[in-house]
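Below are the chains, spelled out letter by letter.
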Amino acid sequence: MINSNTTVFESLESNVRGYCRGWPTVFTTAKGSWLHDEEGKDYLDFFAGAGSLNYGHNNDVLKQPLLDYIAGDGITHGLDMSTAAKRDLLTTLRDTLLTPRGLEYKVQFPGPTGANAVEAALKLARKVTGRQTIVSFTNAFHGMTLGALSVTGNATKRAGAGVPLAHTARMPYDGYLGAGATDFQWMEKVLDDSSSGVDRPAAVIVETVQGEGGVNVARAEWLRHLADLCASREILLIVDDVQMGCGRTGPFFSFEAAGIKPDIVTLSKSISGYGLPMALVLFKPELDEWSPGEHNGTFRGNNPAFVTATTALRHYWSDDALAVATQKKGDQIARTLGELAGHFSGVTTRGRGMVHGVVFDDASQAGKVCQIAFERGLLVETSGSTDEVVKLLPPLTITEQELDQGLRILADAVESVCGGMGANA
Ligand SMILES: *Cc1c(COP(=O)(O)O)cnc(C)c1O
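All of these numbers come straight from a predicted model, not from anything done at the bench. Throughout this description, residue numbers start from 1 for each chain and increase along the sequence as written. This being a predicted model, a pLDDT of at least 70 is required before a residue's local features are given, and a value of 80 or more before pairs of side-chain atoms are given or counted; all residues contribute to the totals for chains, interfaces and linings. In computing side-chain values, all of the structure's heavy atoms are included and hydrogens and water are not.

1. Describing the sheet that holds strand β16 (residues 381-383)
Then, number 1: Pairing is antiparallel across the open sheet formed by 4 strands, whose spatial order is β13-β14-β17-β16. Among the strands making up the open sheet, the edge pair consists of β13 (347-352) and β16. In this sheet, neighbouring strand axes are inclined to one another by 30 degrees on average, regardless of whether the strands run parallel or antiparallel.
Then, number 2: Bridge count between β13 and strand β14 (residues 355-360): 6 bridges; the pairing is antiparallel. When the sheet's bridge partners are listed, Gly351 is paired in β14 with His356. Paired strands, in this sense, are two strands between which DSSP finds at least two bridges. Helical segments are the DSSP runs of H or I of at least four residues, strand segments are the runs of E of at least two, and each set is numbered from the N terminus. Between N-to-C directions, angles cover 0 to 180 degrees, with each direction set by a line fitted to C-alpha atoms, over the stretch in contact for helices.

If you want it as C-alpha cells, here you go:
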C-alpha cells in the first residue's frame, strides 16, 4: 500500500525544513533531468540539487561503476586512509583536470560539504599568512557554519549564528554599486591605507557567479583585476567554486574563462557527480602548511563518491565536448530568456553558461512563478537577497528538447504572473 500521507513531515520533522514547503509532494524516483512523485506526476528538474547534479539524476555512466564497487565490497568509509579508489581519483584529478590546465595544486579532502571546504580554506589562509581578516563580497554565499557564515552576506542566515561574526570585511561585488562606479576604487584605497580601519586581510573569497546571491555574474576583467590586486599585496585569493565549478559555466573551473589561477579553490556539490557527499580544497603547493590531522573529519573518505567522481572526470572531462555543449545550451537559455524578458516590463535576465536568473522588480512575482512552474511540472527555485530571482540550474546533460520544454513551462508561468498589466505590447 502506498503511504501518501505527508503528516509525518509536519508533525515530526523540524521547522527548519525548507524546499519541501515550496514543492509539497513526496518524490520517489529520478532519472536524468526528471523527478517522479508517488502520485505518478513527472517534474522536469531546473534545480539539479542546487547544482549538485550537473550530470543529472542516477546517471548510468556513473551508476554502473558505483554498483560494481559496492557489490565488490570496496571500501565505503575510509577516513583519510589510502585506498585504491582514492588513488584512482587523485591520479585522474592530476592527469585529466589539473595538468592539462597548467594548474599545480595540492589536494585536501575536508568533510564532505561545501561549508567544510570553505572552513578549511579560511583556516589555511589565516594559518599561512598569520593574518585574521577575510575579505568577502556583498551578496556572497559560502555556507552555514560559523566561518562560512561570517563571509556570507544574507542577513537572515547570518542572524542564525547567534554570535558576532567577526574578522571579516565586506567589499562591493562586480556591479553592486551600479553603472558609473569604478571597480575596486574603494577596495584598493582601504587596503593601502593603514588607518582605513580594514586590517590587512589573509585572503579574499569570491564566487565568479554568485548563485545563492541572485545569479550575479562577475566580468572576466573584474576577476583579473581582483587577482592582480591580491597578488600585488600578498593577499591569498580563494575562489569558492562549490556551485559554479564542475562545468556549470562551461569550463570545469568557473575561473578558467578569466585566465586567473586562484591560490585556493573549493569544490563540492557536483564533484562526486552522483549527488554523493564529497568536497575538495585545492591549493598552491607552497601553501601546504597543514600539520597532520590539523583539519579533519569523520567522513572525509567517502570512497563511493570517489568512484563516481573519478568516472565523471574521465567520462566528461577528457575533452571539451561537455564544455562546448554547455555553452551551446547556455546560449539557447539566454536567447529564450532574453525574448521573455523583452515582453514584460520589470523583468530582466542574466547568467553565464548554464546558470541563469530571471530577475523581477517586484520580488513577490519570482516566488509565484516558481509555484506555478511546480504545478505545471517544473522544479525551479528563487535566489537573491529578497528572493527576487528565479534561478535556472538545469543538469548539463539535459537534452535540447527537455530544455525547450522547461523553458516553455517557465515562460507560461511568467506570462500568468506578469501578463496583462506589465506586458510590453
Ligand atoms: C552550496 C554552497 C556552499 C555550501 O555548501 P554546503 O554543502 O551546503 O555546505 C558554499 N559555497 C557556495 C558557493 C555554495 O553554493
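Still to come is the rest of the account.
2. Re the sheet that holds strand β12 (residues 280-283)
Then, number 1: The 7 strands are arranged β4-β12-β11-β10-β7-β5-β6 in an open sheet whose pairing can be described as mixed. Lying at the two open borders of the sheet, with one neighbouring strand each, are β4 (106-108) and β6 (168-171). When strand polarity is set aside, the average angle formed by the axes of neighbouring strands in this sheet is 20 degrees.
Then, number 2: Looking at chain direction, strand β5 (residues 134-137) and strand β7 (residues 203-206) are connected through 2 bridges and run parallel. Each residue of the ladder has a partner; that of Val135, found in β7, is Val204.

3. As for the environment of Thr399
Then, number 1: Its location among the elements puts Thr399 in the loop between β17 (389-392) and α14 (400-418).
Then, number 2: Taking the C-alpha atoms as reference points, Thr399 and Gly32, 367 residues apart in sequence, are found 9.6 Å from one another.
Then, number 3: There is a polar contact of 3.0 Å between the side chain of Thr399 and the backbone nitrogen of Glu402. Residues adjacent in sequence count toward polar contacts only when both atoms are side-chain atoms; beyond that, a polar contact is any pair of N or O atoms within 3.5 Å, and within protein one must be able to donate a hydrogen and the other to accept it.

4. A short note on unusual backbone geometry
Then, number 1: Unusually for a residue other than glycine, Asn58 sits at a positive phi of about 50 degrees.
Then, number 2: Tracing the backbone shows Asn58 in the loop between α3 (48-51) and α4 (60-71).
Then, number 3: Non-glycine residue Lys269 carries a positive phi angle of around 35 degrees.
Then, number 4: The topology assignment puts Lys269 in the loop between β11 (264-267) and β12.
Then, number 5: Accessibility here uses a 1.4 Å probe with only protein chains present; expressed as a share of the type maximum, an area under 20% marks a residue as buried, one over 50% as exposed, and anything in between as partly exposed. Residue Lys269 is classed as partly exposed on the basis of its relative accessible area of 22%.

5. Looking at helix α11 (residues 303-316)
Then, number 1: The first and last C-alpha atoms of α11 sit 20 Å apart over 14 residues, in line with the 20 Å expected at 1.5 Å per residue.
Then, number 2: All of the buried residues in α11 are Asn303, Pro304, Ala305, Phe306, Val307, Thr308, Ala309, Thr310, Thr311, Ala312, Leu313 and Tyr316.
Then, number 3: Between two residues, a contact is recorded if the distance between any of their heavy atoms is within 4.5 Å. On its buried face, α11 is in contact with α4, α5 (84-98) and α12 (321-343). By this rule the span expected of a helix is its residue count minus one, scaled by 1.5 Å.

6. A few points about the packing of helix α13 (residues 364-375) against α14
Then, number 1: Orientation of α13 relative to α14, taken along the N-to-C sense of each, is 130 degrees, at an axis distance of 9 Å. Judged on the interaxial angle alone, α14 and α13 are oblique. The crossing of α13 and α14 is right-handed. Judged by residue contacts, Gln365, Lys368, Val369, Ile372 and Ala373 of α13 engage Ile409, Leu410, Ala413, Val414, Ser416, Val417 and Cys418 from α14.
Then, number 2: Tallied by class, residues from the contact of α13 with α14 come to 9 nonpolar, 2 polar and 1 charged. In what follows, roughly perpendicular refers to angles from 65 to 115 degrees, roughly parallel to angles under 35, roughly antiparallel to angles over 145, and oblique to any angle outside these ranges. By definition, any crossing whose near helix is turned counterclockwise from its far helix by less than a right angle is left-handed, and any crossing with a clockwise turn is right-handed. All amino acids are sorted into three groups, where Ala, Val, Leu, Ile, Met, Phe, Trp, Tyr, Cys and Pro are nonpolar, Asp, Glu, Lys and Arg are charged, and the leftover types, Gly among them, are polar.

7. Quick notes on the domain arrangement of the chain
Then, number 1: Domain segmentation is taken from an automatic or database assignment of domains. Parsing the chain into structural domains produces domain 1 (7-60 + 320-418) and domain 2 (74-316).
Then, number 2: Here the C-alpha centre of domain 2 lies 25 Å away from the C-alpha centre of domain 1.
Then, number 3: In this complex, domain 1 contributes 32 residues to the contact, which on the side of domain 2 involves 30 residues.
Then, number 4: We count a salt bridge whenever a side-chain nitrogen from Lys or Arg sits within 4 Å of a carboxyl oxygen from Asp or Glu. At the junction of domain 1 and domain 2, the tally comes to 1 salt bridge.
Then, number 5: A salt bridge links Glu212 to Lys391, with the shortest nitrogen-to-oxygen separation between them at 3.0 Å.
Then, number 6: Joining domain 1 to domain 2, the criterion identifies 17 residue pairs in polar contact (both at pLDDT 80 or more).
Then, number 7: Breaking the side of domain 1 that touches domain 2 down by element, the ones donating at least two residues are α3, α12, β13, β14, β16 and β17.
Then, number 8: Among the elements that make up the side of domain 1 that touches domain 2, the one with the highest residue count is α12 (4 residues).
Then, number 9: Of the residues assigned to the side of domain 1 that touches domain 2, the class counts are 13 nonpolar, 15 polar and 4 charged.

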